[in-house]
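Overview (structure and organization)
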Amino acid sequence: MATSKASQDTRVVLITGCSNGGIGAGLATEFSQNGFLVFASARSLSSMSELGDNIRKLELDVTSDTSCENAVKTIYAEAGHIDVLVSNAGVANVGALLDIPLETAQKVMDTNLYGTVRLVHLIAPQMVNRGRGLIVPVGSTAGELSVPFMGYYNISKAALHAYSETLKEELRPFGVNVMLLVPGTVISKIADNEAKRYETNIPDDSFYRGYKEQMTHVLYYGQNASPWPTDKFAKAVVRAALSSSPPTFLHLGGTTTLWAFLKWLPRPMALRMIWNSTVGNVTNK
């Protein structure tokens, strides 16, 4: 793969999950405004129609080995390297654990965890060879304290947090940084995308038929609990990413102060408080 001095001097970022109106799109715009050559990706090019013409758009499905390989090859062919990987692509999944089919659970894990793993396998070796680079997995406060009826989302993000912590230590000797981004509430489209599907997660014979209203409340909690505007969030993320020493954990967004308080409490108490605030004291109807 041929590279040029100009391409080596250009800062390059790959961001996944850049559909219009979401966190990824906001980050793509902010990185571009800070002089980066931005490769924004999503499952379909049409979903990134609002991004500026100066941003390269790639069709990328993080659950596909071939799609990931082709996207990374395209970037290396054009830019020669990747300085920053922001692994933002993710899906929500609302429903009771007893009701979610194993196939659905596997799809959530494949996107929210293994999508990052696939890209790290392709990109981190190049960063190690260059002796620098930054990987930014996008986790969630739900990966630290579980939210009711978001079980496999919680599980996937908790696993991603553990993966990121391990990756951070293993890449440290080679000059490659890992900054785990832990969003609280931020304006995005993830709830709307899941809302199109979630009622199918409540079977007719479910024990949780009486919790439909509570599930909807949980699904949209992140959009209703003082969410940060996407551009404000993106500016803070890029500022941290460009610092001389990016933090290992970056908690940003609405409710992060609340979550920090809850993590100091005995865990059963914290989980009960989350249940009461998101679902309430309801019984099956």
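Source: prediction; values computed, not measured.

1. Describing the overall build of the protein
On a plain count of helices and strands, the protein comes out with 11 helices and eight strands. By the compact-globule yardstick of 19 Å for 285 residues, the protein fits well, its C-alpha radius of gyration being 19 Å. Projecting the C-alpha coordinates of the protein onto the three principal axes gives extents of approximately 65 × 40 × 30 Å. Within the protein, the fraction of its 285 residues that count as buried is 52%. Counted over contacts in the protein with a minimum sequence separation of 6, partners at least 24 positions apart contribute 73%.

2. A word on the packing of aromatic side chains
Counted by the stated rule, this structure contains six aromatic pairs. Consider the rings of Y211 and W275, whose centres lie 6.5 Å apart with planes at 65°: the pair is edge-to-face. Remark: W275 occurs in helix α11 (residues 267-278) and Y211 occurs in the loop between α6 (190-195) and α7 (212-219); sequence separation between them is 64 residues. Under the relative-accessibility criterion, Y211 is labelled buried at 9%. These aromatic residues form a ring-pair network of at least three members: F149, Y208, Y211 and W275. Note that K232 overlies the ring of W228, its terminal NZ or CZ placed 4.2 Å from the centroid.

3. Topic: the sheet that holds strand β5 (residues 133-137)
Pairing is parallel in the open sheet, where six strands are placed in the order β3-β2-β1-β4-β5-β6. If you trace the sheet from one side to the other, it starts and ends with β3 (56-59) and β6 (176-178), each paired once. Strand after strand, the sheet turns through a mean of 15° between neighbouring axes, direction not considered. The pairing of strand β2 (residues 37-42) with β3 spans four bridges and is parallel. Note that in β3 the partner of A42 across the bridge is E59.

4. Brief notes about the packing of helix α2 (residues 23-33) against helix α9 (residues 230-241)
At a closest axis distance of 8 Å, the pairing of α2 and α9 adopts a crossing angle of 55°. What the angle tells us is that α2 and α9 run oblique. Considering the relative orientation of α2 and α9, their crossing is right-handed. Along the contact surface, α2 presents I23, G26, L27, E30, F31 and Q33, while α9 presents T230, F233, A234, K235, V237, V238 and A241. Of the residues contributing to the contact of α2 with α9, the split by class is eight nonpolar, three polar and two charged.

5. Quick word on the environment of P173
Its location among the elements puts P173 in the loop between α5 (151-171) and β6. In this structure P173 comes out as exposed when scored by relative accessible area, which is 65%.

6. Some points on α5
The end-to-end C-alpha distance of α5, which contains 21 residues, comes to 30 Å, matching closely the 30 Å that a straight helix rising 1.5 Å per residue would cover. Inspection of α5 places G151, Y153, N154, S156, K157, L160, H161, S164, L167, K168 and L171 among the buried residues, and these make up the whole buried set. The inward-facing, buried residues of α5 abut α4 (102-130), β5, β6, β7 (180-183) and α6.

Conventions used here
Positions within a chain are numbered from 1, following the residues in the order the chain's sequence is written. pLDDT decides what is reported in this predicted model: residues at 70 or higher carry local features, side-chain atom pairs at 80 or more are listed and counted, and totals for whole chains, interfaces and linings draw on all residues regardless. In computing side-chain properties, one takes all heavy atoms of the structure into account and sets aside hydrogens as well as water. Put simply, DSSP H or I for four residues or longer makes a helix, DSSP E for two residues or longer makes a strand, and each gets a number counted from the N terminus. Radius of gyration: C-alpha atoms only; globule rule: 2.2 Å multiplied by the number of residues to the exponent 0.38. Here the term buried applies to any residue with accessible area under 20% of the maximum for its type, exposed to any over 50%, and partly exposed to those in between, with areas from a 1.4 Å probe on protein chains only. Throughout, a residue-residue contact means that at least one pair of heavy atoms, one from each residue, lies within 4.5 Å. Two rings from Phe, Tyr or Trp (for Trp, the six-membered ring) form a pair when their centres are within 6.5 Å of each other. A pair whose planes differ by under 30 degrees is stacked, one over 60 is edge-to-face, and the rest are tilted. Note on geometry: a ring has a charge over it if NZ (lysine) or CZ (arginine) is within 6 Å of the ring centre and within 35 degrees of the ring normal. For two strands to pair, DSSP has to find at least two bridges joining them. Only the contacting stretch of a helix is used when fitting its axis, a line to C-alpha atoms as for every element, and angles between N-to-C directions run 0 to 180 degrees. Just so you know how the angles are binned, under 35 degrees is roughly parallel, over 145 roughly antiparallel, 65 to 115 roughly perpendicular, and the rest oblique. Rotating anticlockwise by less than a right angle from the far helix to the near helix defines a left-handed crossing, while the corresponding clockwise rotation defines a right-handed one. Residues were grouped as follows: Ala, Val, Leu, Ile, Met, Phe, Trp, Tyr, Cys and Pro as nonpolar; Asp, Glu, Lys and Arg as charged; and all remaining residues, including Gly, as polar. Here the expected length of a helix is defined as 1.5 Å per residue gap, with one fewer gap than residues.

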